[in-house]
Amino acid sequence: TGGAISGAYTAVGGLGNASGQYFAQNLQADQAREQADAEVTKSEGELEAAEQQALQEFITQMIQFIKEMRDAEVEQLAVVTRG
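A brief structural summary. Bear in mind that the values here come from a model prediction, so they are computed numbers and not experimental data.

1. Quick notes on the overall build of the protein
Counting its secondary structure elements, the protein contains one helix and zero strands. Considering the protein as a whole, with its 83 residues, one finds that 0% of them fall into the buried category.

Shown next as structure tokens:
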């Protein structure tokens, strides 16, 4: 009977080890998933910043173009007025 009890404890201990390993693997998988999610969020943030920068540069260029067009128009009007 002592051997049976010892065997039962060994079996329960083995289940405990397997359960612990399963828990540890799940914990590692959760951590890896969270890290991947964080990287995706970071990448999205960087992409949004780059898009915002590109949009700002485009707007600045458009404003400059409009100013140059206005200046050219004023110059043309000045030439017509003088002539």
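Let's pick the thread back up.
2. Here's the deal with the pattern of salt bridges
Scanning the model with the defined rule gives two salt bridges in all. Here arginine 33 makes a salt bridge to aspartate 30, at a shortest N to O gap of 2.4 Å. Of this pair, arginine 33 and aspartate 30 are both found in helix H1 (residues 2-82), three residues apart, which corresponds to roughly one turn of the helix. The class of arginine 33 is partly exposed, set by a relative accessible area of 48%. Look at aspartate 30 and you get partly exposed, because its relative accessible area is 34%. The partner of aspartate 71 in a salt bridge is arginine 70, and the shortest N-O contact between them spans 3.8 Å.

Rules and cut-offs
- Residues numbered from 1 in each chain as written.
- Predicted model: local features only at pLDDT ≥ 70, side-chain atom pairs only at ≥ 80, totals over all residues.
- Heavy atoms only, no water.
- Helix = DSSP H or I, 4+ residues; strand = E, 2+ residues; numbered from the N terminus.
- Buried < 20%, exposed > 50% of the residue type's maximum accessible area, 1.4 Å probe, protein only.
- Salt bridge = Lys/Arg side-chain N within 4 Å of Asp/Glu carboxyl O.

Without other data, these values stay purely geometric and don't point to any function.
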